[in-house]
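Now for the letters of each chain:
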Amino acid sequence: MMNENYSHPAMPAGAAPGILKGLYLLRESRVAADRPRVQLLGSGAILREVISAADLLEGDFAVGADMWSVPSFTELRREGLAAERWSLLHPEQPRRLSFVETCLANRKGPVVAATDYVRLFADQIRPFVSTHVRRYVVLGTDGFGRSDRRSQLRHFFEVDRRFIALAALKALADEGTIPAAAVSAALRKLEIDPEKADPTRV
């Protein structure tokens, strides 16, 4: 169904309602609960990079990464706006939570979303993620169009597994969960050049 051939992961048991609403838990981290933890959101073909980023975080950095598949950021925004409208029109009732809030309510750590689209696409659900006063980091392909292998393009636009892992670690550092020096060490381990050209300016 996409423009990239790959084997899709099996549908987790009980995921059907979330698929229709636009968000479901693909895999829960097996890293110990007392370790730093992040929530990774992936949409479309980039989901494979999110899966690999979760493996990197857990295997190389001992950071738990819960993985979420997002069939539709647009549906999530529509549902969130509907919840806000209901609360507006029923001011004496408890505020209605959006589906995004319900999914993330009991989950630890910052949220990092990655897509092959511009950042604004995943950013449209920011009001419903930041309700819990957590960091929401969005990666996307902002910049000028170009032609190359997908792996090169994703590295150029900073949406591949290494940049997803780096964004997660930086968000943890910004929250004070890990030291900033750990992010610097990750840059070296992931072989990311901090002087790399900014894709929005090249």
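Remember, predicted model here, so these are calculated numbers, not experimental data.

Engineer: Tell me about the nonpolar core, and please be specific about residues and values.
Structural biologist: Grouped together as the largest cluster of nonpolar side chains are 35 residues, with contacts concentrated most on Val38, Leu40, Leu57, Ile164, Leu169 and Leu190. Sorting the residues of this core by element identifies β1 (24–27), β2 (37–42), α2 (47–61), β3 (64–69), β4 (111–114), α8 (161–174) and α9 (180–189) as the ones contributing at least two each. Judged by nonpolar contacts, the second largest core, of 18 residues, contains Leu41, Cys103, Leu104 and Ile125.

Engineer: How would you explain the sheet that holds β4 if you had to name every residue and give the values?
Structural biologist: If you walk across this open sheet you meet the five strands as β1-β3-β2-β4-β5, and the pairing is mixed. In the strand order of this sheet, the two ends are held by β1 and β5 (136–139), each with one partner. The sheet shows a mean angle of 30° between the axes of neighbouring strands, direction not considered. Relative to β3, α2 is tilted by about 170°, and along the sheet it contacts β1, β2, β3 and β4.

Engineer: Can you explain the layout of surface pockets? Please cite residues and give values.
Structural biologist: Empty space within the largest pocket amounts to approximately 380 Å³. Forming the boundary of the largest pocket are 20 residues, of which His8, Gly44, Leu47, Ser69 and Pro71 lie nearest the centre. Per-class residue counts for the lining of the largest pocket are 15 nonpolar, five polar and no charged.

Engineer: Give me the lowdown on the pattern of salt bridges, citing residues and values where you can.
Structural biologist: By the definition in use, this model includes 13 salt bridges. The salt bridge partner of Asp66 is Arg107, with a shortest N-O separation of 3.3 Å. On the criterion of sequence distance, the pair formed by Asp66 in strand β3 and Arg107 in the loop between α4 (99–104) and β4 is long-range, its members being 41 residues apart. Since its relative accessible area comes to 1%, Asp66 is described here as buried. Two residues, Asp116 and Arg154, come together in a salt bridge whose shortest N-O distance is 3.0 Å. In this pair, Asp116 sits in the loop between β4 and α5 (119–123) while Arg154 sits in helix α7 (residues 150–156), placing the two residues 38 residues apart along the sequence. The class of Arg154 is buried, set by a relative accessible area of 7%. One network of salt bridges, with partners in common, ties together Glu28, Arg37, Asp66 and Arg107.

Thresholds, definitions, all that
Residues numbered from 1 in each chain as written. Predicted model: local features only at pLDDT ≥ 70, side-chain atom pairs only at ≥ 80, totals over all residues. Heavy atoms only, no water. Core = buried A, V, L, I, M, F, W, Y, C linked by side-chain atoms within 4.5 Å. Buried < 20%, exposed > 50% of the residue type's maximum accessible area, 1.4 Å probe, protein only. Helix = DSSP H or I, 4+ residues; strand = E, 2+ residues; numbered from the N terminus. Pairing = 2+ DSSP bridges. Axes fitted to C-alpha atoms, helices over the stretch in contact; angles between N-to-C directions. Contact = heavy atoms within 4.5 Å. 1 Å grid on protein atoms, 1.4 Å probe; cavity = no way out; pocket = protein on both sides within 12 Å on 5 of 7 lines; lining within 4 Å. Points joined across faces, edges and corners; volume = space filled by probe spheres on them. Nonpolar A, V, L, I, M, F, W, Y, C, P; charged D, E, K, R; others polar. Salt bridge = Lys/Arg side-chain N within 4 Å of Asp/Glu carboxyl O.

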